[in-house]
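As a plain string of letters, each chain reads:
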Amino acid sequence: MKLALRVAYDGTAFYGFQRQPGVRTVEGELIRVLTKLHIIENPVENDFKGASRTDRGVSAFFNVVSFVPGERGDLARPEVLNHHLSDVWVLGVAEVPNDFHPRFWAREKTYRYYLINEGFDLSRMLECAELFVGTHDFSAFSRLEPCRDPVREVTSLEILPKNGYYVVEIKGKSFLWEMVRRIVNALRFCGLGLLEKEEVKEMLEGIYTKKIPPAPAENLLLWHIEYPGIEFKIDEKGLKKAKRDLFERYSRALARAALFGDALLEL
């Protein structure tokens, strides 16, 4: 039997998702608790795997890890794990096939970027957004890693206006390092009139001398991962705990943003 956990986390509390020596990461926090409770002995022996290696500062509402449980697999329940975890919340558990790999089985990932409205020209942003949909070489919009194919498919890209900000929602099977954040910054530059859609088109065709820098990581959220035939039932207690913890953590910042946001609009 193999188990998969759906996890949410506050990325600002970690040095990225992937475990690294000497720094606090999401994987490290999960492994710490799973080994402490003897749910697993170690990541190698129990085949611990993660779905998406989000960057430092990036948060998630739906990331996935899987493992083969050990002697205390009965403790792999949200109510138990959430009591021991810090800045990570288990929102659901699913039994999965023995060959399940959370990265390779993912059919589609959805990222959401929360972009403060700087007075953008939305029509220019939408024209730019259309260029990214489809299969392209995203070398100009990513931080390339050795031996990784820079060709990726963006299945959809929407820009959703909200009160004082936009939600940029990007979907695709897989993404390159910093790819979403660089695409968002390209949209931002287009909306500010600093970049033309013809320039974006040329960059996607490999004609460029300078890459688009990434937008800040803290505004990016891994929103959803779709797995055919796998259902993660929401744990209501885990969801309530995550909402309560996050509200307590950011309610003051939200109030300050509302206060100064209204003041700036009236000036």
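If you're wondering where the values come from, they're calculated on a predicted model, not measured in any experiment. Sequence order as written defines the numbering, with residues in each chain counted from 1. Local features in this predicted model are restricted to residues whose pLDDT is 70 or higher, and side-chain atom pairs enter the listing and the counts only when it is 80 or higher, whereas totals over whole chains, interfaces and linings include all residues. Calculated side-chain values reflect all of the structure's heavy atoms, with hydrogen atoms and water omitted.

The next point concerns the overall build of the protein chain. Helix and strand content of the protein chain: six helices and nine strands. Structurally, the protein chain occupies a C-alpha span of about 60 × 45 × 35 Å along its principal axes. Evaluated residue by residue, the protein chain yields a buried proportion of 47% over its 267 residues. Carbon and sulfur atoms form 53% of the exposed surface of the protein chain, whose accessible area is close to 13,900 Å². Neither His nor the chain termini are counted; the positive set is Lys and Arg, and the negative set is Asp and Glu. Every charge is mapped onto a representative atom, which is NZ of Lys, CZ of Arg, CG of Asp or CD of Glu. Separation between the mean location of the 38 positive side-chain charges and that of the 39 negative ones in the protein chain comes to 4 Å. Only DSSP runs of H or I covering at least 4 residues are called helices, and only runs of E covering at least 2 are called strands; the numbering of each starts at the N terminus. For each residue, the accessible area found with a 1.4 Å probe, counting protein chains only, is set against the maximum for its type, and the residue is called buried under 20%, exposed over 50%, and partly exposed in between. Per-residue and other accessible areas were derived by the Shrake-Rupley procedure at a 1.4 Å probe size, with only the shown protein chains allowed to occlude residues.

To define a nonpolar core, start from buried Ala, Val, Leu, Ile, Met, Phe, Trp, Tyr and Cys residues and group those joined through side-chain atoms within 4.5 Å. Counting 74 residues, the largest nonpolar core has Phe132, Phe141, Leu157, Leu187 and Tyr227 as its most contacted members. A per-element tally of this core places helix α4 (residues 179-191) first, with eight residues. What Leu187 contacts, discounting residues up to four positions off in sequence, is Met125, Cys128, Ala129, Phe132, Leu157, Ile159 and Val168. Two residues qualify as a contact provided that any one of their heavy atoms is within 4.5 Å of a heavy atom in the partner residue.

Let us look at unusual backbone geometry. Despite not being glycine, His38 shows a phi value in the positive range, around 60°. Topologically, His38 is positioned in the loop between α1 (26-36) and β2 (49-50). When its relative accessible area of 41% is taken as the criterion, His38 is described as partly exposed. The phi dihedral of Asp47 is positive, around 55°, even though this residue is not glycine. Within the element layout of this structure, Asp47 appears in the loop between α1 and β2. We classify Asp47 as partly exposed; its relative accessible area is 26%.

Along the polypeptide, Thr110 turns up in strand β5 (residues 108-116). Thr110 sits in the buried class, given a relative accessible area of 5%. Setting aside its immediate chain neighbours within four residues, Thr110 contacts Glu169, Ile170, Lys171, Leu221, Leu222, Trp223 and His224.

Turning to the state of the cysteines, a few remarks are in order. The disulfide criterion is simple: two cysteine sulfur atoms within 2.5 Å. Scanning the entire structure with this criterion turns up zero disulfides. Cysteine Cys128 remains unbridged, with the sulfur of Cys190 as its closest cysteine sulfur at 3.2 Å. For Cys128, a relative accessible area of 0% translates into the label buried. On the accessibility criterion, Cys190 (2% relative accessible area) is buried.

So far we have only geometry, and geometry alone does not tell us how the molecule works.
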